[in-house]
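Structural overview
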Amino acid sequence: MDKTINQKAWFLVLPVFLVVAFSAILPLMTVVNYSMQDTFGNNQFFWNGVGWFKELLDPSTDLGGRFLASLGRNLLFSAIILAIEVPLGIVVALSMPRDGWSVAACLVILALPLLIPWNVVGTIWQIFGRPDIGLLGYTLNSLGINYNYVSNEFDAWATVIVMDVWHWTSLVALLCYAGLKSIPDAYYQAAQIDGASRWAVFTAIQLPKMNRVLLIAVLLRFMDSFMIYTEPFVVTGGGPGNSTTFVSIELVKIALGQFDLGKAAALSLVYNLIILIVCWVFYTVMTNAGAERPVKQGAE
Amino acid sequence: MARIDLVDLAHSYGGNDAAPESFALKPVTMTWRQGGAYALLGPSGCGKTTLLNLISGIVTPSRGQILFDGADITPLSTQKRNIAQVFQFPVIYDTMTVGQNLAFPLKNRGVPKAEIDARVKQIANLLDLTPHLDRKATRLTADAKQKISLGRGLVRSDVAAILFDEPLTVIDPELKWQLRSKLKALHRDLDLTMIYVTHDQTEALTFADTVVVMHDGRVVQSGTPAELFDKPAHTFVGYFIGSPGMNIVPAEVTGREARISGHPIALNRSYDSLPPGAKIEVGVRPEFVDVAAPAPGLLSANIERIDDLGRVRFARVRIGDAKFAARVPPGFSVSGETAGLVFNPSHVHVYADSRLVEGTA
């Protein structure tokens, strides 16, 4: 077949180029520009080369120490919430009804936390956990448990983690539920005939059939928790001390608190790079998981 | 291994209170002997899969009993019934190898490992799966996957019957033949009761010794392929089996004579006591009506077209408004728009309200 060459098609793509240039490339280039310079206000900039990047990765400097500490906290936070939300989401999805009116009810209840804006979630938990007027804080303290997320690091972490679990387990559960619903009945019937126990059905059928949605769930939850800002900022403000200061909170402190645009720009580039790399790894894993399947799938 | 008795078995998905006409399976009583190969044949929605699922225990009947070797197993769960089932789409456990798939039913039942290995080897051998034993089951083709599903049934030594629910739907045509002959061979070797659900008459007629034809939730006839062909008990069977299906035309029948559009046709038997008020029809397979040159004394028909099937030709004709198919004898060349029809009296059947009427000699 002959291809017709029509250069006019470029004009159709041009608007997209322009939009992307103004929305993504130009701002990014500005950040790259800042990351190579230092400023002392007054719109005066001085060339610093890769100095900020060197500092960032060197724990002995102030900037590096703060960045690496917050990065560590962030990774720990992501690991903990994944370890809780993924199994919990699977359990919730498994215990949901498969049909009938109760499905709709469950879906609505599950979707509710997802519909609440981040800072509202933060405010809800900030008040909920207050020892003087919050239902949770007051109850715990009157039960003799000394709970105060403002002064105790462990309590602060526990509050932020429980809040995230409350907010986002629904997402994992909904994804898993969709995965479970796509399993044809014949699989369950075959398993019944093969005499499989409930556990065997889970490990041999449900978990393998859910693996793709689980990968998506893990990816989404990792990315989102790795970029978390609003909720811990509203509840703990990064404290007590720096104990719940995650990378994005640190970034805002440097950029807007100290107005160190060069440091902040370098930090955000590295932050961005980490996220890109994680995305790329997940994407590769997911496409490889897909390639294992035969091309013809039948009408499942 | 078991004889299967169905006693007044019926099922409605709407519960037992539903109107009898809405039952997915209307009451049926029949016996399937041990070691038989049965096919449940019928169009979509005729209740054949319901019947199969009742036997496997996936569905609990609204009414009636199922007996395996005389023992009532109606209340038993699927696991306890010792049946195996192969589904329309291959069901394999994705994460396991072929060998692990085959071992799964035995492992679940706590069979010792040495015994499992021996059984799996034996079954893999039987199904030509030995070279694939250590491969992941997901990577195999659809027909190999169906063999695995079948193997999971065969691997249990105590299996009472193997049920097939349209197992060849997703298989490529040339492999269908292979797999079907494999099933036949297994049936001969293993002396297992096999029940095969299909809507494909070729599949049913080549696989089974006994074909059970179902229509609208009812078993309309159960018999050998030859019986179904020669003497359909219901107009539906005549129409559904055979290609082209049986000709069924309204007629008036008295004694040894049927009148189609006023024209008399001789019958081999006498029909004197037809139920009054019933809808009387005459059925004859196209293979037993020959086209001839129009002649007085022959029923005349308008020729619409000739279908040449290679080894045989069929003429599609019209008698009045009724469509009709008839064989074109070898060497006969059709000329003109009308033709005479020559009936073979021993193959002309009479139906009252769609059911075969046995005449008297």
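Here the residue numbers are simple positions, counted from 1 along each chain's written sequence. Key to labels: chains lettered from A, ligands numbered from 1, both in the order written. Given that this is a predicted model, residues contribute local features only at a pLDDT of at least 70 and side-chain atom pairs are listed and counted only at 80 or more, while totals for whole chains, interfaces and linings are drawn from all residues. Where side-chain values are given, they derive from all heavy atoms of the structure, hydrogens and water being excluded.

This part covers the overall build of chain B. To qualify as a helix, a DSSP run of H or I must reach at least 4 residues; to qualify as a strand, a run of E must reach at least 2; elements of each kind are numbered from the N terminus. Along chain B, the regular secondary structure elements total 8 helices and 21 strands. Accessibility throughout is a Shrake-Rupley quantity obtained with a 1.4 Å probe, and a residue counts as covered only by protein chains that appear here. Summed over all atoms, the accessible surface of chain B reaches about 15,800 Å², with 51% contributed by carbon and sulfur.

With that settled, the discussion passes to the overall build of chain A. A count of helices and strands for chain A gives 12 helices and 2 strands. Counting from the amino terminus, chain A carries its helices and strands in the arrangement α-β-β-α-α-α-α-α-α-α-α-α-α-α. As a reference, a globule follows 2.2 Å times the number of residues to the power 0.38, and the radius of gyration itself is taken over C-alpha atoms. Taking 2.2 N^0.38 as the reference for a compact globule, 300 residues should give roughly 19 Å; the C-alpha atoms of chain A span a radius of gyration of 24 Å, well beyond that estimate. If you line up chain A on its principal axes, its C-alpha atoms span 80 × 75 × 35 Å. The burial tally for chain A puts 40% of its 300 residues in the buried class. Intrachain contacts of chain A at a sequence separation of at least 6 include 66% that bridge at least 24 residues. Burial classes: relative accessible area under 20% of the type maximum marks a residue as buried, over 50% as exposed, and values in between as partly exposed (1.4 Å probe, protein chains only). Only heavy atoms matter for contacts: two residues are in contact if any of them lie within 4.5 Å across the pair.

Attention now moves to the packing of helix 8 (residues 185-193) of chain A against helix 9 (residues 198-226) of chain A. Residues and elements named next belong to chain A. Helix 9 packs onto helix 8 with a crossing angle of 165 degrees between their chain directions and a minimal axis gap of 10 Å. Between helix 8 and helix 9, the crossing angle belongs to the class labelled roughly antiparallel. Handedness of the helix 8/helix 9 crossing: right-handed. When helix 8 is examined against helix 9, the residues Tyr187, Tyr188 and Ala191 are found in contact with a partner set consisting of Val201, Ile205, Gln206 and Lys209. Here the term charged refers only to Asp, Glu, Lys and Arg, the term nonpolar to Ala, Val, Leu, Ile, Met, Phe, Trp, Tyr, Cys and Pro, and the term polar to all other amino acids, Gly among them. Considering only residue class, the contact of helix 8 with helix 9 consists of 5 nonpolar, 1 polar and 1 charged. All axes are obtained by fitting lines to C-alpha atoms, using only the stretch in contact for helices, and the reported angles, taken between N-to-C directions, cover 0 to 180 degrees. To sort the angles, those under 35 degrees are grouped as roughly parallel, those over 145 as roughly antiparallel, those from 65 to 115 as roughly perpendicular, and the leftovers as oblique. Handedness of a helix crossing follows the sense of rotation of the near helix relative to the far helix, less than a right angle counterclockwise being left-handed and clockwise being right-handed.

All names here are of chain B. Here the bounds of each domain stem from an automatic or database domain assignment. For chain B, the assigned domains read domain 1 (4-240) and domain 2 (247-357). Inter-centroid distance (C-alpha atoms) of domain 1 to domain 2 is 38 Å. Take the accessible area each of two parts loses on contact, using a 1.4 Å probe, and add the two losses: that sum is the buried area. With both chains or domains summed, domain 1 and domain 2 bury close to 1,000 Å², and 57% of this area falls on carbon and sulfur atoms. Salt bridges are counted wherever a side-chain nitrogen of Lys or Arg sits within 4 Å of a carboxyl oxygen of Asp or Glu. One can count 0 salt bridges joining domain 1 with domain 2. N or O atoms within 3.5 Å of each other form a polar contact, as long as, within protein, one can give a hydrogen and the other can take it, and as long as residues adjacent in sequence are counted only when both atoms are side-chain atoms. The interface formed by domain 1 and domain 2 holds 7 residue pairs in polar contact (both at pLDDT 80 or more) in total. Elements represented by at least two residues in the side of domain 1 that touches domain 2 include exactly helix 7 (225-230) and helix 8 (235-240). The leading source of residues in the side of domain 1 that touches domain 2 is helix 8, at 4 residues. When the residues that make up the side of domain 1 that touches domain 2 are grouped by side-chain class, the tally is 6 nonpolar, 3 polar and 3 charged.

Turning to the packing of aromatic side chains, a few remarks are in order. Here the aromatic set is Phe, Tyr and Trp, taking the six-membered ring for Trp, and pairing holds for ring centres within 6.5 Å; pairs whose planes are under 30 degrees apart are stacked, those over 60 apart are edge-to-face, and all others are tilted. Enumeration over the complete set of coordinates arrives at 19 aromatic pairs over all chains. Between the aromatic rings of A:Tyr229 and A:Phe233, the centroid separation amounts to 5.1 Å while the plane-to-plane angle is 15 degrees, which identifies the pairing as stacked. For A:Tyr229, a relative accessible area of 24% puts it in the partly exposed group. Seen from their ring centres, B:Phe236 and B:Phe240 are 5.1 Å apart, and the 15 degrees between their planes marks the pair as stacked. Here the residue B:Phe236 and the residue B:Phe240 both occupy positions in helix 8, the gap between them amounting to 4 residues, near one helical turn. Among the aromatic residues, ring-to-ring pairing joins A:Phe77, A:Trp157 and A:Phe246 into one connected group. Above the ring of B:Trp177, the side-chain terminus of B:Arg180 is found at 4.4 Å from the ring centroid. Whether a charge sits over a ring comes down to the Lys NZ or Arg CZ being within 6 Å of the ring centre and within 35 degrees of the ring normal. In this structure, B:Arg285 is placed above the aromatic ring of B:Phe229, and the distance from its NZ or CZ to the ring centre is 4.5 Å.

With that settled, consider the pattern of salt bridges. By the definition in use, this model includes 22 salt bridges over all chains. The residue A:Arg130 makes a salt bridge to A:Asp132 at a minimum N-O spacing of 3.0 Å. For A:Asp132, a relative accessible area of 48% gives the class partly exposed. With a closest N to O distance of 3.1 Å, A:Lys209 and B:Asp94 form a salt bridge. Here A:Lys209 is found in helix 9, whereas its partner B:Asp94 is found in the loop between strand 6 (83-86) and helix 2 (98-108) on a different chain. One network of salt bridges, in which partners are shared, links A:Glu85, A:Asp164, A:Arg221 and A:Asp224.

Below, the discussion takes up helix 3 (residues 62-95) of chain A. Under the 1.5 Å per step criterion, the end-to-end length of helix 3 of chain A is 49 Å for 34 residues, consistent within 8% with the ideal 50 Å. For helix 3 of chain A, the capping residue at the N-terminal end is A:Thr61, with a side-chain oxygen 3.1 Å from the backbone nitrogen of A:Gly64. What a helix should span is 1.5 Å times the count of its residues minus one.

Residues and elements named next belong to chain B. Of all the 5 residues making up strand 7 (residues 161-165), 5 are buried; the element is thus mostly covered by neighbouring parts of the structure. The criterion for strand pairing is that DSSP finds at least two bridges linking the strands in question. When strand 6 meets strand 7, the two strands line up parallel, connected through 4 bridges. Note that in strand 7 the partner of Ala84 across the bridge is Ile162. With 5 bridges joining them, strand 7 and strand 8 (residues 193-198) adopt parallel strand pairing. Bridging from a neighbouring strand, Leu163 pairs with Ile195 of strand 8.

Let us now look at the interface of chain A and chain B. Facing the 20 residues of chain A at the interface are 25 residues of chain B. Where chain A abuts chain B, roughly 1,900 Å² becomes buried across the two surfaces, and 56% of that area is made up of carbon and sulfur atoms. Among the residues of chain A in contact with chain B, A:Gln192, A:Ile193 and A:Asp194 are the three that bury the most area, contributing 32% of the side total. The interface formed by chain A and chain B holds 2 salt bridges in total. The interface formed by chain A and chain B includes 7 residue pairs in polar contact (both at pLDDT 80 or more). Elements supplying a minimum of two residues to the side of chain A that touches chain B: helix 8 and helix 9 of chain A. Of all the elements, helix 8 of chain A adds the most residues to the side of chain A that touches chain B, at 7 residues. A class-by-class count of the residues in the side of chain A that touches chain B yields 12 nonpolar, 4 polar and 4 charged.

All names here are of chain B. The topology assignment puts Ala301 in strand 16 (residues 299-308). Taking relative accessible area as the criterion, Ala301 reaches 2% and is therefore assigned buried. When near neighbours in sequence (up to four residues on either side) are disregarded, Ala301 contacts Val317, Arg318, Ile319, Glu337, Thr338, Ala339 and Leu341.

So, on to helix 2 of chain B. Burial of helix 2 of chain B is extensive: 8 of the 11 residues sit out of reach of the surface. Buried within helix 2 of chain B are the following residues: B:Val98, B:Gly99, B:Asn101, B:Leu102, B:Ala103, B:Phe104, B:Pro105 and B:Leu106. Looking at the buried residues of helix 2 of chain B, the elements they touch are helix 9 of chain A together with helix 3 (113-126) and helix 4 (142-154) of chain B. Directly after helix 2 of chain B, the chain includes B:Gly110, whose backbone phi takes a positive value near 70 degrees.

Think of a nonpolar core as a cluster: buried Ala, Val, Leu, Ile, Met, Phe, Trp, Tyr and Cys residues, connected wherever their side-chain atoms sit within 4.5 Å. In this structure, B:Leu6, B:Trp32, B:Leu51, B:Phe68 and B:Ile195 are the most contacted members of the largest nonpolar core, which totals 85 residues. Of all the elements, helix 9 of chain A adds the most residues to this core, at 14 residues. Sequence-distant contacts of B:Leu6, defined by excluding residues within four places in its chain, comprise B:Val28, B:Thr29, B:Met30, B:Trp32, B:Leu51, B:Ile55, B:Gln65 and B:Ile66. The next biggest cluster of nonpolar side chains, apart from the first, holds 46 residues, and it includes B:Ala37, B:Ile116, B:Leu150 and B:Leu168.

All names here are of chain B. If you add up the space inside the second largest pocket, you get close to 280 Å³. Residue lining of the second largest pocket: 13 residues in total, with Asn247, Arg316, Lys323, Phe324 and Ala325 positioned closest to the centre. At the level of secondary structure, the elements contributing two or more residues to the lining of the second largest pocket comprise strand 11 (247-250), strand 16, strand 17 (313-319) and strand 18 (322-328). When residues of the lining of the second largest pocket are assigned to their parent elements, the largest contribution, 3 residues, is made by strand 18. When grouped by side-chain class, the residues that make up the lining of the second largest pocket number 7 nonpolar, 2 polar and 4 charged. Cavity and pocket criteria rest on a 1 Å grid covering protein atoms alone: a 1.4 Å probe that fits but cannot get out defines a cavity, protein on both sides within 12 Å along at least 5 of 7 lines defines an open pocket, and an atom within 4 Å of a point defines a lining residue. Grid points are joined across faces, edges and corners, and a volume is the space filled by probe spheres set on the points.

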